[in-house]
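# Fold and contact review
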Amino acid sequence: MSVALETPPATAAARVLGGAYQRLTDICEVLSVQVARPGVTGSQAGFTGAELTDSHEALDAFVEAERARIQERHGHTARPHVAASRALHDYAWSVGLLMSGVWYLERRVPRVRPEDVRLDLATGEYKITPGSSFSCLPGDPAATFPGVTALPHEEALRTELRSAVADHMTPLLTVLGPVARRRSRALWGLVSDDLVSGIWYLGRVLGREGDAIRAATELLPSAVSPYPGGADFRHLTDTSGQRHPTRTRAGCCLYYTIRPDEACSTCPRTCDTERLRRLES
């Protein structure tokens, strides 16, 4: 028996997205995001994604907050371009996962606007206000809601996800690139890495790593503008014969400058021997 969805039309899409975001944050403990209730105005601490691109003061505070966090956590004084890259990495991973996570879990792609995201610089916590539109497949029960676009097939949905992430990130990359001292290819390499790694992380949390790797590979099978490379997963075999998935990042997050002996396991600086050592330890 089918059950009618009685959500008022004006808020139906926002309520659906709010529920999806909440399920995602419940699953992903390291995703530090608070979901705002549609139509409810709460704490306004920090800056929105739109303010980061419109205000030099907000952008400077964004980078300085990351410098302070690095100092507090690691006892390391990061140079401004390192702090900018680290801040961008956290933003791209978090906001990218809000979109890709809903896609992976529910085959729905939200258009997260920069003004829908607020970052509390003191805590590093994000707040997402659910928007009033998303895309889905024709058989989705929400396909008839106002503001919802039904796309014909899975590849169209993947195209929409790539576009949604790119549209959100472009303004921030434009203003942050000079501070991070990185050009377009390196910046988009970082964004593509975080898009892939967010899906990979979600799959591991759910015990569906293989499925998540397939999904990420279908999303980025190769370079698709503006993303400079594909997911490019490969496998390493340890001494017991067990195979482990890995990939090499296209855009460095610069963590190695903070902890030289602890470069990321997917960093180009981390050789396969070291990756296997970590996996077996």
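A brief structural summary. (Residues numbered from 1 in each chain as written. Predicted model: local features only at pLDDT ≥ 70, side-chain atom pairs only at ≥ 80, totals over all residues. Heavy atoms only, no water.)

### Observations regarding the nonpolar core
As a reminder, the rule being used: Remark: nonpolar core denotes a set of buried residues (Ala, Val, Leu, Ile, Met, Phe, Trp, Tyr, Cys) joined through side-chain atoms within 4.5 Å. Note on exposure labels: buried denotes an accessible area under 20% of the residue type's maximum, exposed denotes more than 50%, and partly exposed covers the range between, all computed with a 1.4 Å probe on protein chains only. Per the convention used, a helix needs a DSSP run of H or I reaching at least four residues, while a strand needs a run of E reaching at least two, with both numbered from the N terminus. By definition in these notes, contact holds between two residues if any of their heavy atoms fall within 4.5 Å.
Residues F62, Y91, W103 and M169 are the most contacted members of the largest nonpolar core, which totals 76 residues. Counting residues per element, this core draws most heavily on helix 4 (residues 80-106), which supplies 14 residues. Excluding residues within four positions of it along the chain, F62 makes contact with L52, A87, L88, Y91, L119, L121 and L176. In this structure, I70, A78, V82 and L254 belong to the second largest nonpolar core, which totals five residues.

### What to know about the pattern of salt bridges
Once their charged atoms are close, side chains differing in charge can pair, the charge on each being opposite to the other. We count it as follows: Any carboxyl oxygen of Asp or Glu that lies within 4 Å of a side-chain nitrogen of Lys or Arg is treated as forming a salt bridge with it.
Taken as a whole, this structure holds 20 salt bridges when the rule is applied. Residue R162 is joined to E155 by a salt bridge in which the shortest nitrogen-to-oxygen separation is 3.1 Å. The class for R162 is buried, based on a relative accessible area of 10%. On the basis of relative accessible area, E155 is assigned to the partly exposed category, the value being 32%. The salt bridge partner of R278 is E274, with a shortest N-O separation of 2.8 Å. Within this pair, R278 and its partner E274 are both found in helix 8 (residues 272-280), separated by four residues, close to a single helical turn. Sharing partners across several salt bridges, the network here consists of R23, E106, R108 and D140.

### Describing the sheet that holds strand 1 (residues 33-35)
To be explicit about the condition: At least two bridges found by DSSP between two strands is the condition for calling them paired. The angle between two axes is taken between their N-to-C directions and runs from 0 to 180 degrees, where each axis is a line fitted to C-alpha atoms and a helix contributes only its stretch in contact.
Here four strands make up an open sheet; going across it, the order is 1-5-4-2 and the pairing mixed. For this open sheet the edge positions go to strand 1 and strand 2 (47-48), each flanked by a neighbour on one side alone. Relative to strand 5 (residues 125-128), strand 4 (residues 117-120) runs antiparallel, the two being bridged by four bridges. Paired with D120 across the bridge in strand 5 is E125. Strands in contact with helix 4 are strand 1, strand 4 and strand 5; relative to strand 5, the strand with the most contacts, it is inclined by about 35°.

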